[in-house]
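Reading the structure
Each chain, letter by letter, is given below.
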Amino acid sequence: MQALYAQLLVGLINGSFYALLSLGLAVIFGMLNIINFAHGALYMMGAFVAYFLLNLGGISYWWALLLAPIIVGIFGMILERTMLKFLAGLDHLYGLLLTFGIALIVQGVFQNYFGSSGLPYSIPDQLKGGVNLGFMFLPIYRAWVVIFSLVVCIATWFLIEKTRLGAYLRAATENPTLVRAFGVNVPRMITLTYGLGVGLAALAGVLSAPINQVRPLMGADLIIVVFAVVVIGGMGSIMGSIITGFALGVIEGLTKYFYPEASNTVVFVLMVLVLLVKPTGLTGRAA
Amino acid sequence: MTALTDDTLPVAPRAIRDEMIVFVVMALLLASVPFSGIYPFFVMQALCFALLACAFNLLIGYGGLLSFGHAMFMGTAGYCSAHALKVWALPPELGILVGIAAAFGLSLITGYISIRRQGIYFSMITLALSQLLYFIYLQAPFTHGEDGIQGIPQGRMFGLLDLSKPTVLYYVVLVGFLAGFLLIYRIINSPFGEVLKSIRENEPRAISLGYRTDQYKFLAFVLSGTLAGFAGSLKVFVAQNASLTDVHWSMSGEVVLMTLVGGLGTIFGPVVGAFAIIAMQQYLAGFGQWVTVIQGSIFVICVLTFRRGVVGEVAHYFRRSL
């Protein structure tokens, strides 16, 4: 049973990353009509920024948690202003191709300097160790990742669904021209939205740095799984992305326990099943 | 919202004559390669990728469907052909048939699943399916995991053509490529191809005219996947191995890049693009991961400034369809 709970926890952690990343993808897609293929590369950048902050600047994990999303978010906003902006009005697929190119560049540069092996990033002192819950040993850092991700996800949901800023955002998603006519600076809002989505990816990167090591390709395979998560959940609803992300992480964890051979593929298999039963995805509307 | 290939649409009525002239010139140029001193292995490799890119282009350029998993057809056909040649000791022609049949079967299944969603979702689904297949091949015993299937016998085609001789192999690959190319050309110019283009331009209108667009897209997917499989089977004879690289997502990305560089929706674009990208990889092989960076940069530059691709720009300049 110990092993089962351990795998469930791993599943929850992966689910946190799926949720944070698919949430960002959904927010970006809503405003920019772009599927951000660079999301995995920017997630990796988040982890690397945390690594640099610690090893070059002596800046702790806690500051990295704040600074890395901001730094990577600014990098994302520069990308939006210099490149993605020009794709407005073109077919969605160009956005996919452009961000795929950006992902190749970013990952290639990091691979050149850091190879393919992982760099260690140690768990901050305050979160070291674990508690014995009687039925399992719970490492504090892992519990922290799950709870913190959940808080961030819900905060993002609150920001978009319940605040005035979020209302502008949703309105601009529906009809940018009309919102602009009301005097809202929509282009700036688009840039900030991209920054927010990218920041969430970078945050996931920082959270995963102590668990998964910092590797240039850490986001390359992850993004494909997240795409499958997005296909399963649909990008219509923020809460849908969060729940689907966590649920798929848990299912993956359970698979690791009961049938480890399929743990790599279970998300994709589920995607196929969902497509066969409900082609629009679980929460999606017809495309 | 402009369609993906709006920029690349022919500006003049299709001139079949122009296209046939270019085709004959291309065929003659390629046929003279063994006498030119150019390394035939390089050209054979490029020809296989060119056929793959042409098959991919059939789907994106004429059907408007961007598959991000086309490597799965090439890789699957490659593995199956390699297995048939090496383990079952089948002759080359049957080995190729086994590969094509495998790609056909795979495209039936993946097409049935992925055609249910459009646009961006279609791309993500094909990518996810190819990743699923990648993990299956990583674990399946017959693919030999990381090692791949190596040392594949080339054998004698139809009992006559000794494929271990580079020149013979070259002409076999060339004939295969030209046959595949002409088949795609024929499909594009058939009534079926016209309906496909109308779906790309305006699917709701095509539906309102009474076309079952899903069936057309499905058929286009199967044709494209099967032809991509043919390219993969040919490649087995050239490379004499079948490995995981051929099913990896980065290979699917390269196929997209080749077609984008040459020109989406142009007839000769994928061929030009394939030769350009393969040549680039050849010359920059010593630069390690910078090749990835350069490929990424080409993507960015193409999308931002050069959406018609090389052939598309030339065709646009001369107001011809190529």
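Structure first, text after, so check above.
Summary of the structure given here. (Residues numbered from 1 in each chain as written. Chains lettered and ligands numbered in written order. Predicted model: local features only at pLDDT ≥ 70, side-chain atom pairs only at ≥ 80, totals over all residues. Heavy atoms only, no water.)

Quick look at the packing of aromatic side chains now. Tallied over the full model, the rule gives 36 aromatic pairs over all chains. Through a chain of ring-to-ring contacts, the aromatic side chains of Phe37(A), Phe100(A), Phe227(A), Phe68(B), Trp249(B) and Phe299(B) assemble into a single cluster. Of note, Arg116(B) hangs over the ring of Tyr112(B), and the distance from its end group to the ring centre comes to 4.8 Å. The side chain of Arg117(B) reaches across the aromatic face of Tyr121(B), ending 3.8 Å from its centre. (Phe/Tyr/Trp six-rings, centres within 6.5 Å; stacked < 30°, edge-to-face > 60°. Lys NZ or Arg CZ within 6 Å of the ring centre and 35° of its normal.)

Taken together, the contacts link 44 residues of chain B with 48 residues of chain A. Across the interface of chain B and chain A, roughly 4400 Å² is buried in total on both sides, 77% from carbon and sulfur atoms. On the surface where chain B and chain A come into contact, there are zero salt bridges. Linking chain B with chain A are eight residue pairs in polar contact (both at pLDDT 80 or more), by the criterion used here. Those elements giving two or more residues to the side of chain B that touches chain A turn out to be α4 (92-114), α5 (119-139), α10 (249-262) and α12 (290-305) of chain B. At 13 residues, α5(B) tops the list of elements feeding residues into the side of chain B that touches chain A. Taken together, the residues of the side of chain B that touches chain A break down into 28 nonpolar, 13 polar and three charged. (Contact = heavy atoms within 4.5 Å. Buried area = accessible area lost by both parts, 1.4 Å probe. Salt bridge = Lys/Arg side-chain N within 4 Å of Asp/Glu carboxyl O. Polar contact = N/O pair within 3.5 Å; in protein donor to acceptor, adjacent residues only side chain to side chain. Helix = DSSP H or I, 4+ residues; strand = E, 2+ residues; numbered from the N terminus. Nonpolar A, V, L, I, M, F, W, Y, C, P; charged D, E, K, R; others polar.)

The next thing to look at is the packing of α10(B) against helix α11 (residues 269-283) of chain B. All names here are of chain B. Look at α10 against α11: their axes get within 7 Å of each other, and the N-to-C directions meet at 120°. One way to sum up the angle between α10 and α11 is to call them oblique. Here α10 and α11 pass one another in a crossing that is right-handed. Residues Glu254, Leu257, Met258, Thr259, Val261 and Gly262 of α10 pack against Gly269, Pro270, Gly273, Ala274, Ile277, Ile278 and Gln281 of α11. Considering only residue class, the contact of α10 with α11 consists of seven nonpolar, five polar and one charged. (Axes fitted to C-alpha atoms, helices over the stretch in contact; angles between N-to-C directions. Parallel < 35°, antiparallel > 145°, perpendicular 65-115°, else oblique. Left-handed = near helix turned anticlockwise from the far one by under 90°.)

Now for the environment of Leu23(A). All names here are of chain A. Looking at the secondary structure, you find Leu23 in helix α1 (residues 2-32). When its relative accessible area of 0% is taken as the criterion, Leu23 is described as buried. Sequence separation between Leu23 and Gly240 is 217 residues, and the spatial gap between their C-alpha atoms is 8.9 Å. Excluding anything up to four places from it in sequence, Leu23 contacts Tyr18, Cys153, Thr156, Leu200, Ile238, Ser241 and Ile242. (Buried < 20%, exposed > 50% of the residue type's maximum accessible area, 1.4 Å probe, protein only.)

Turning our eyes to something else, we now look at the pattern of salt bridges. All names here are of chain B. Here the structure, examined in full by the defined rule, presents seven salt bridges over all chains. Glu201 is the partner of Arg200 in a salt bridge, and the nearest nitrogen-oxygen pair spans 2.8 Å. Taking the relative accessible area as the measure of exposure, Glu201 reaches 34% and is therefore partly exposed. The partner of Asp246 in a salt bridge is Lys235, and the shortest N-O contact between them spans 3.1 Å. Residue Asp246 is found in the loop between β4 (241-242) and α10, and its partner Lys235 is found in helix α9 (residues 213-239); the two are separated by 11 residues along the sequence. Grouping residues by exposure puts Asp246 and Lys235 together as buried.

Excluding glycine, a negative phi dihedral is what most residues carry, and trans is how most peptide bonds are arranged. Although it is not a glycine, Gln213(A) adopts a positive phi angle of roughly 65°. By the element assignment, Gln213(A) lies in the loop between α8 (186-212) and α9 (220-233). The phi torsion at Phe158(B) lies on the positive side, around 55°, for a residue other than glycine. Within the element layout of this structure, Phe158(B) appears in the loop between β2 (156-157) and β3 (161-162). Judged by its relative accessible area of 56%, Phe158(B) falls in the exposed class.

Keep in mind these numbers describe shape, not what the thing actually does.
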